[in-house]
Amino acid sequence: MLPIIYLALSVACLPQVRESKQNNPDFDGLVSDLKKELPGWGVAGFTLGVIDLNNNQKQTWTAALGLKNASNPDDPVNVDTLFHIGSDSKLFTAFTVGHLVDQGKLDLKTPFKTYWPTFKLKDPFSENRANLIDMLSHRMGLSRVLDLLMFKYNKTSEMRTRLANLEPSEEFRTSFKYNNHMFAYAGDLVGKLTDPSTTNPTQSWIKAVRDVVFKPVGLNSALASFDEFINSPNIALVHGNAEMVLPRETNRWTDVVAPAGAISMNIVDRLKWIEFLMNKGTTQDGKSILKPETFQLLFSPHNLYPSQNPAPVAGANLASFISTYRGETVIKHGGTVSGGISVTCFFPDRKFGVVSLYTGQDFGKDNFCYDVADRLLFKDSKTLKNTFDFMKQRKETFLTHLKTVQDSFDGRKKDTKPSFVIEQSFGEYVNPVLGSGFLEIASFPNSVFQLDLQISRIPILPFVHFENNKFVTPVDDGTDNSVEVHVERGVIKGFTLRLEGTTDDLKDGLYFEKV
């Protein structure tokens with residue numbers, strides 16, 4: 001059973017909160033442990049913020065560790081350093097939507113197509129019925145293959161044309177399928193309704209999120225576009241691990257779906273934001289951005305969320321998730337861009353929150369949040385057990401997967417050959433969703449050919465022969481990608497692509513037709 005939502009308290013009843021500066025040996029011990037562990041976890045730069053509003057007294061603790069740029073040891077991270085917050089941007093978009101609801105310009109249950117007549121999906125049933133609750137609680141049934149569009153098309157209009165060709169992977173309103181593109185639509189609708197004359201809805205959304213959320217809450221560092229972030233003087237560059245700096249332009253794709261993932265800020269403002277949320281959407285000067293009933297609607301579960309231990313039961317709110325941990329309600333989300341991670345969780349009944357921003361490898365957002373809570377809220381643990389368990393499970397999962405891939409390769413039909421001449425397969429192929437892909441002569445040792453999908457986040461993939469007309473990425477890559485070439489009467493017609501983690505939820509894969 002999902003926890004009963006906590007937001008019924010009237011904002012007019014909020015007590016005055018005194019701010020207190022106190023040393024916290026438990027926090028200091030946590031930071032000391034993190035100094036030892038973070039490099040081994042693949043983290044380059046790291047900030048942490050904790051807030052406790054118990055007993056009408058505000059206490060906050062912050063820490064900054066590591067480097068903004070691993071190649072510059074003289075430039076450490078500080079609490080004012082900006083980080084990408086990735087999908088934690090979504091809740092800001094939900095607040096701008098809620099603001100328009102309160103103004104009578106939007107209704108969450110009205111079909112989105114009423115407001116955006118050119119909204120187009122492959123499935124006409126969901127196209128004509130989907131509303132903002134469906135879109136913001138991830139119940140559209142659309143495949144994660146959509147995320148590949150963000151890395152291929154640098155114009156939102158191109159991306160949406162392709163989106164309209166994607167078959168759903170689940171029935172509408174029957175499951176949880178995480179989705180960035182519906183938040184981009186929602187943000188652009190905010191832009192259109194706040195500035196009806198706009199020719200750039202995303203830019204108008206940026207102005208709206210500044211006016212509706214950033215300024216009232218006092219988020220002075222917050223930015224809402226990649227250009228603003230990358231041109232700021234105090235930023236944490238994204239990293240592939242503790243030492244590998246990624247190219248500066250790595251996350252420019254976020255601007256294509258800005259309302260879903262383009263916001264950046266520092267840890268000080270992340271704490272202000274979580275304090276605002278724990279105060280039922282009331283700013284430090286006592287003003288409410290949303291009506292109480294709208295605020296509560298945002299934080300009520302509208303969909304089931306397939307969470308994992310140690311909090312296996314969860315619901316999807318509008319741009320956040322609700323669950324329980326140790327019998328306490330917890331609201332959480334997180335964000336991931338290439339080489340950058342954001343962690344957000346708070347225990348509303350206990351008025352305790354945790355935020356973290358870091359670059360490098362993800363070491364488990366929820367698990368780390370629970371470790372901090374165990375140590376500082378529940379005060380019965382001096383370890384990072386949940387995080388270590390996550391790291392151990394991730395390694396075991398990878399090794400199990402690697403064995404499965406190897407076993408599959410070992411069990412293939414040996415001594416089979418393709419029914420076509422490999423060189424005749426080279427050339428351009430087209431898929432209505434992903435556009436062009438190219439089978440090419442291999443530049444990798446021992447590979448038969450390579451596939452270039454022209455997607456920034458996917459490298460050129462080498463393929464080796466598996467059996468008959470099926471080809472797979474090499475076993476030692478640890479991935480389960482495959483291409484099956486279709487031949488009719490000696491003529492190559494196309495191929496079916498399965499990419500692990502993105503197209504594997506599509507029953508029939510993605511078909512590319514030969515040009």
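Conventions we followed
- In this numbering scheme, every chain counts its residues from 1 along its sequence in written order.
- In keeping with the model being predicted, local features are shown solely for residues with a pLDDT of at least 70 and side-chain atom pairs are shown and tallied solely at 80 or more, while totals for entire chains, interfaces and linings include all residues.
- By convention in this description, side-chain values take in all heavy atoms of the structure and omit both hydrogens and water.
- Numbering goes from the N terminus for both helices and strands, where a helix is a DSSP run of H or I of at least four residues and a strand is a run of E of at least two.
- Type-normalised accessible area, obtained with a 1.4 Å probe on protein chains alone, sets the label of each residue: buried when under 20%, exposed when over 50%, and partly exposed for intermediate values.
- The axes are straight lines fitted to the C-alpha atoms, using for helices just the contacting stretch, and the angles between their N-to-C directions are given from 0 to 180°.
- A clockwise turn of the near helix away from the far one marks a right-handed crossing, whereas an anticlockwise turn of less than a right angle marks a left-handed crossing.
- The criterion used for residue contact is that any of the two residues' heavy atoms lie within 4.5 Å.
- Here the term charged refers only to Asp, Glu, Lys and Arg, the term nonpolar to Ala, Val, Leu, Ile, Met, Phe, Trp, Tyr, Cys and Pro, and the term polar to all other amino acids, Gly among them.
- Cysteine sulfur atoms that come within 2.5 Å of each other are treated as a disulfide pair.
- The pLDDT value tells you how sure the predictor is about a given residue, anywhere from 0 up to 100.
- Paired strands, in this sense, are two strands between which DSSP finds at least two bridges.
- Each Phe, Tyr or Trp ring, with Trp reduced to its six-membered ring, pairs with another whose centre is within 6.5 Å; inter-plane angles below 30 degrees give stacked pairs, above 60 give edge-to-face pairs, and intermediate values give tilted ones.
- Note on geometry: a ring has a charge over it if NZ (lysine) or CZ (arginine) is within 6 Å of the ring centre and within 35 degrees of the ring normal.
- Salt bridge, as used here: a side-chain nitrogen of Lys or Arg that lies within 4 Å of a carboxyl oxygen of Asp or Glu.

Colleague: Give a detailed account of unusual backbone geometry, specifying residues and quantitative values.
Modeller: Even without a glycine there, the phi angle at R326 is positive, about 55°. Looking at where R326 falls in the secondary structure, it is placed in the loop between strand 8 (321-325) and strand 9 (328-337). Of the residues examined, R326 reaches a relative accessible area of 43% and is grouped as partly exposed.

Colleague: So what's going on with the packing of helix 1 (residues 25-37) against helix 14 (residues 365-376)? Which residues, and what values?
Modeller: Relative to each other, helix 1 and helix 14 sit at 140°, their axes nearing to 9 Å. In this structure, helix 1 crosses over helix 14, and the sense of that crossing is right-handed. Residues D26, F27, G29, L30, D33 and L34 of helix 1 pack against F368, V372, R375 and L376 of helix 14. Partitioning the contact of helix 1 with helix 14 into residue classes produces six nonpolar, one polar and three charged.

Colleague: Run through the state of the cysteines, naming residues and quoting values.
Modeller: Tallied over the full model, the rule gives one disulfide. Covalently, C345 is tied to C369 through a disulfide, its sulfur atoms 1.5 Å apart. Its torsion about the S-S bond being 70°, the disulfide of C345 and C369 is classed as right-handed. In this pair, C345 is assigned in strand 10 (residues 340-347) and C369 in helix 14, connecting sequence segments 24 residues apart. C345 sits in the buried class, given a relative accessible area of 2%.

Colleague: Pulling in residues and values, what's your account of the confidence of the model for the protein?
Modeller: Of all residues in the protein, 94% have pLDDT values of 70 or greater, and the mean over the chain is 90. Confidence drops under pLDDT 50 across residues 1-18; counting only partners more than four residues distant or on other chains, this segment forms 45 contacts.

Colleague: Quick rundown of the pairing of strand 14 (residues 449-452)? Include the residues and the values.
Modeller: On strand 14, burial covers both faces: F449 and L451 on one face and Q450 and D452 on the other are all buried. Two strands pair when backbone bridges link them, and strand 13 (residues 435-441) and strand 14 are joined in this way by four bridges, in the antiparallel orientation. From the neighbouring strand, L439 faces strand 14, where its bridge partner is L451. Pairing geometry for strand 14 and strand 15 (residues 461-467), over three bridges, is antiparallel.

Colleague: Explain the pairing of strand 12 (residues 427-431) to me, and be specific about the residues and the numbers.
Modeller: In this structure, strand 12 lies alongside strand 13, joined through five bridges in antiparallel fashion. Counterpart to N431 in the pairing with strand 13 is G435. Counting the residues between successive antiparallel strands, the hairpin from strand 12 to strand 13 contains three residues.

Colleague: A description of the packing of aromatic side chains should follow, citing residues and the corresponding values.
Modeller: Counted by the stated rule, this structure contains 35 aromatic pairs. Aromatic pair F46 and Y358: ring centres 6.0 Å apart, planes at 40°, arrangement tilted. Of this pair, F46 sits in strand 2 (residues 43-52) while Y358 sits in strand 11 (residues 352-360); the two residues are 312 residues apart in sequence, bridging distant segments of the chain. Just as F46 is buried, Y358 falls in that class too. Centre to centre, the rings of F92 and F214 are 5.8 Å apart; their planes meet at 75°, and the pair counts as edge-to-face. With F92 in helix 2 (residues 90-102) and F214 in helix 9 (residues 201-217), the pair connects residues that are 122 residues apart, well separated along the chain. Judged by its relative accessible area of 4%, F214 is buried. Following the ring pairs from residue to residue traces out a cluster consisting of F92, F95, F214, W273, F276, F295 and F299. In this structure, K90 is placed above the aromatic ring of F183, and the distance from its NZ or CZ to the ring centre is 5.5 Å.

Colleague: Can you explain the pattern of salt bridges? Please cite residues and give values.
Modeller: All chains considered together, the criterion is met by 24 salt bridges. Of the charged contacts in the structure, one is a salt bridge between D33 and R375, with a shortest N-O distance of 2.7 Å. Placement of the pair is D33 in helix 1 and R375 in helix 14, with a sequence separation of 342 residues. Residue class for D33 comes out partly exposed when judged on its relative accessible area of 22%. When its relative accessible area of 5% is taken as the criterion, R375 is described as buried. A salt bridge links D134 to R139; the nearest nitrogen and oxygen atoms lie 2.5 Å apart. With relative accessibility at 17%, the residue R139 sits in the buried group.

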